[in-house]
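Residue-level structural notes
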Number of protein chains: 2
Amino acid sequence: MTRPDKKVAVLSPVAWRTPPRQYGAWETVASNLTEGLVARGWDVTLFATRDSVTSAHLHAVVDKGYEEDSTVDSKVAEYLHISGAFEHAAEFDLIHSHYDFMALTYIRLVKTPVLTTIHGFSSPKIMPVYQKYCDGYFVSISDSDRAAGLRYLATVYNGIDLSLYPLQESGGDDLIFLGRIHPDKGVHLAIEVARLSGRRLIIAGIIQDEVYYRKQVKPHIDDQNIRYIGPVGVAGKNELFARGCALLHLNTIPERFGLVLAEANAAGVPVIAMDLGSCREVIKHGQTGFLVNNVIEAVEALERIPEIDRRACRSRVQQHFSIETMVDGYERVYATIFGLEAKRQP
Amino acid sequence: MTRPDKKVAVLSPVAWRTPPRQYGAWETVASNLTEGLVARGWDVTLFATRDSVTSAHLHAVVDKGYEEDSTVDSKVAEYLHISGAFEHAAEFDLIHSHYDFMALTYIRLVKTPVLTTIHGFSSPKIMPVYQKYCDGYFVSISDSDRAAGLRYLATVYNGIDLSLYPLQESGGDDLIFLGRIHPDKGVHLAIEVARLSGRRLIIAGIIQDEVYYRKQVKPHIDDQNIRYIGPVGVAGKNELFARGCALLHLNTIPERFGLVLAEANAAGVPVIAMDLGSCREVIKHGQTGFLVNNVIEAVEALERIPEIDRRACRSRVQQHFSIETMVDGYERVYATIFGLEAKRQP
């Protein structure tokens with residue numbers, strides 16, 4: 001069913017390097033997919049920043065991620081990067097875009113089929129673009145994160161590199177928050193759980209909402225019970241996973257996928273997640289963590305953490321959220337597209 | 001030499017309606033050109049907001065200018081609008097873009113030749129796009145506003161509709177400032193000239209830089225000697241021209257063209273302009289106004305305003321900055337492009 005004789009272009013965002021040094025979920029997934037495809041013999045060209053690291057062919061017109069380079073205008077970088085990929089469309093059998101709505105506006109100008117993985121709808125204001133190109137090829141990253149009327153070929157869960165997150169046989173006592181410091185991610189709720197349960201909470205992640213950080217996070221930081229350690233990369237995450245008894249992910253809006261849930265589980269860390277959006281697809285209640293509806297339920301769930309088998313957490317990730325399962329999923333989608341395109345040819 | 005058998009697409013911006021109700025220089029020029037071409041028998045399709053007013057065919061995917069509609073995301077509107085035009089490229093012999101650097105990123109994906117009128121380089125950060133597409137077809141709106149290395153086919157001065165600005169045989173005593181309230185436009189210098197000369201200054205235009213307005217303009221407004229009346233449309237401009245003895249245009253950065261200079265001159269109002277950028281191309285020193293280098297020279301120039309013949313001001317605009325001369329200029333450029341394209345065909 002796989003067709004490694006085909007040439008595939010993977011269009012990654014250019015907000016960060018691919019893979020990102022720290023934060024950058026979309027670039028992480030684009031990287032994992034690219035490396036997974038190359039490992040299976042696909043001829044892949046990765047369109048990403050010039051400082052990206054890949055075993056695929058790299059095509060770059062932007063030196064660094066615009067979030068890491070103040071000399072670059074993000075809009076200019078995006079237009080140059082996306083058009084740069086589409087200008088090479090004829091060299092590929094498929095363009096697999098991870099680039100949000102902007103890339104869609106080029107798809108009718110090329111003959112090469114374009115698959116778009118929708119990593120999230122950032123605002124209702126971008127929906128007119130999806131509506132216009134609703135007959136394109138789409139993949140959702142969870143069943144819950146779908147918009148009506150788009151031609152979805154499948155849900156393909158994000159896959160993580162399990163070798164990066166080795167199983168921590170026994171965790172410590174700390175609670176962990178890992179993610180953007182933003183109200184959507186419920187840092188304030190994690191702090192509340194820590195206080196109510198009398199446990200220590202370690203918060204890691206980039207500050208995306210300064211006002212929120214200043215008003216609802218910073219006042220609670222005491223470097224004892226509530227600590228903030230800034231953004232962390234893979235090594236930093238593993239240190240946290242080694243000392244964590246649970247990851248708190250009390251998102252306040254529907255989660256689209258939740259890469260960090262899979263990463264924590266991979267390391268054997270149970271997750272207490274708000275039952276909103278994709279969390280119930282990533283976390284198996286009572287087996288790899290607990291789904292809750294509020295802070296009180298989260299505190300109660302903490303009591304039940306000893307019931308969770310850390311090896312079961314990892315094995316579920318291996319089964320559903322590994323690079324291999326993701327590449328399996330995309331190979332099936334690619335085969336579907338090649339089949340549909342073959343029928344369209346005269 | 002003209003080829004009215006050809007079909008032309010004019011791509012206007014969608015920040016405002018085409019033509020704009022008040023402010024919107026790029027949309028004004030796109031409108032004037034479109035109407036001028038239609039008047040000469042060209043088959044023109046105007047790509048603009050849906051509420052635009054034109055005698056050409058109108059193609060619209062955005063209801064209103066994003067500056068006039070808070071429900072619209074400007075980035076989404078731009079991507080939909082520009083791609084909407086390029087998706088129809090095959091229907092045209094020429095796409096004439098007034099849409100800044102963004103539209104350039106689509107030109108290599110279509111066979112139709114694309115002419116770009118560069119209405120201004122908003123930032124050095126956008127230059128990489130022009131460098132990439134430097135072999136496109138470009139027109140500058142003044143000889144002074146050119147970037148090195150681009151294939152310019154001509155300078156075509158912006159043309160105004162002289163019927164909108166009838167000659168005011170005799171002006172009043174007021175000084176006029178017309179333009180965006182922004183440090184680039186030197187509103188603070190106009191205020192200084194008014195104070196030093198003891199004359200009344202009437203300021204009209206949108207506030208683009210709030211801090212500048214609050215700190216350097218508002219404190220001087222006394223509703224007597226220094227008045228601010230907000231943005232004005234054509235009628236408001238004519239009222240100002242009727243009472244104006246001179247327009248003060250003391251720009252602090254090189255002007256790209258300066259539509260308002262031509263409008264004032266058309267109405268017979270002399271212009272005192274800073275000798276930066278295109279001002280010396282639009283204003284003939286001693287004949288339609290004065291070019292100055294600082295506030296003192298501007299005050300001195302005011303003494304010499306009676307030397308200026310108001311009819312001579314209008315007649316120079318008729319000769320160089322009318323819709324007719326602009327359409328003449330673009331017809332020559334179009335002919336050049338059709339000639340070059342014909343040679344490229346196999």
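Read on for a plain summary of the structure. Within each chain, residue numbers correspond to sequence positions counted from 1 in written order. Lettering for chains starts from A, numbering for ligands starts from 1, and both go in the order in which the items are written. Confidence filtering applies because this is a predicted model: local features only for residues at pLDDT of at least 70, side-chain atom pairs given and counted only at 80 or more, and all residues used for totals across whole chains, interfaces and linings. Calculation of side-chain values draws on the structure's entire complement of heavy atoms; hydrogens and water are dropped beforehand.

Observations concerning the packing of aromatic side chains
Residues and elements named next belong to chain B. Paired rings are identified among Phe, Tyr and Trp, the last through its six-membered ring, by centres lying within 6.5 Å, and are further divided according to the angle between planes into stacked (under 30 degrees), edge-to-face (over 60) and tilted (the rest). Summed over the entire model, instances satisfying the criterion amount to 30 aromatic pairs over all chains. Their ring planes at 70° and their centres at 5.3 Å tell us that Tyr157 and Phe321 sit as a pair that is edge-to-face. Residue Tyr157 is located in the loop between β7 (152-155) and β8 (174-178), and its partner Phe321 is located in the loop between α11 (310-320) and α12 (323-344); the two are separated by 164 residues in the primary sequence. A ring pair is formed by Phe257 and Phe321, whose centres lie 5.7 Å apart and whose planes are at 70°; its orientation type is edge-to-face. The numbering of helices and of strands both runs from the N terminus, where a helix is a DSSP run of H or I of at least 4 residues and a strand a run of E of at least 2.

Side note on the sheet that holds strand β1 (residues 7-11) of chain A
Residue and element names in this part refer to chain A. Strand pairing requires that DSSP identify at least two bridges connecting the strands. What the 7 strands build is an open sheet, ordered β3-β2-β1-β4-β5-β6-β7; its pairing is parallel. The sheet is open, and its two borders are formed by β3 (57-59) and β7 (152-155), each paired with just one other strand. Sheet twist, expressed as the average angle between the axes of neighbouring strands with direction ignored, equals 20°. Contacts from helix α1 (residues 25-39) reach β1, β2 (43-47) and β4 (94-97) within the one sheet, and its direction differs from that of β2 by about 160°. All axes are obtained by fitting lines to C-alpha atoms, using only the stretch in contact for helices, and the reported angles, taken between N-to-C directions, cover 0 to 180 degrees. We call two residues in contact whenever any of their non-hydrogen atoms come within 4.5 Å of each other.

Considering unusual backbone geometry
The residue after A:Thr18, namely A:Pro19, is reached through a cis peptide bond having omega -10°. Inspection of the secondary structure assignment puts A:Pro19 in the loop between β1 and α1. In this structure, B:Asp100 is a non-glycine residue whose phi angle is positive, near 55°. Mapped onto the elements of the fold, B:Asp100 is located in helix α3 (residues 100-104). Backbone geometry at B:Asp223 places phi at a positive 60°, although glycine is not the residue there.

Quick look at the state of the cysteines
All names here are of chain B. Two cysteine sulfurs form what is called a disulfide whenever their separation falls within 2.5 Å. Taken as a whole, this structure holds 0 disulfides over all chains when the rule is applied. Between Cys245, a free cysteine, and Cys313, which holds the nearest cysteine sulfur, the sulfur-to-sulfur gap is 12 Å. Exposure categories follow from relative accessible area, calculated using a 1.4 Å probe and restricted to protein chains: below 20% of the type maximum is buried, above 50% is exposed, and the middle band is partly exposed. Look at Cys245 and you get buried, because its relative accessible area is 8%. The cysteine Cys279 is free of any disulfide, with Cys313 supplying the nearest cysteine sulfur at 15 Å.

Quick notes on the nonpolar core
Grouping buried Ala, Val, Leu, Ile, Met, Phe, Trp, Tyr and Cys residues that are joined through side-chain atoms within 4.5 Å yields what is termed a nonpolar core. Judged by nonpolar contacts, the single largest core of 78 residues is most densely connected at A:Phe86, A:Tyr130, B:Phe86 and B:Tyr130. The contacts of B:Phe86, once residues within four sequence positions are left out, are A:Leu109, B:Leu11, B:Ile95, B:Ala103, B:Tyr106, B:Ile107, B:Val110 and B:Val114.

Some remarks on the pairing of β4(A)
Residue and element names in this part refer to chain A. Burial along β4 is two-sided: the residues Leu94 and His96 and Ile95 and Ser97 are all buried. Across 4 bridges, β1 lies against β4 in parallel orientation. Within the sheet, the bridge partner assigned to Val10 lies in β4 and is His96. As defined by bridge partners, β4 adjoins strand β5 (residues 114-118) across 3 bridges and the pair is classed as parallel. Pairing of His96 across the sheet is with Leu115, part of β5.

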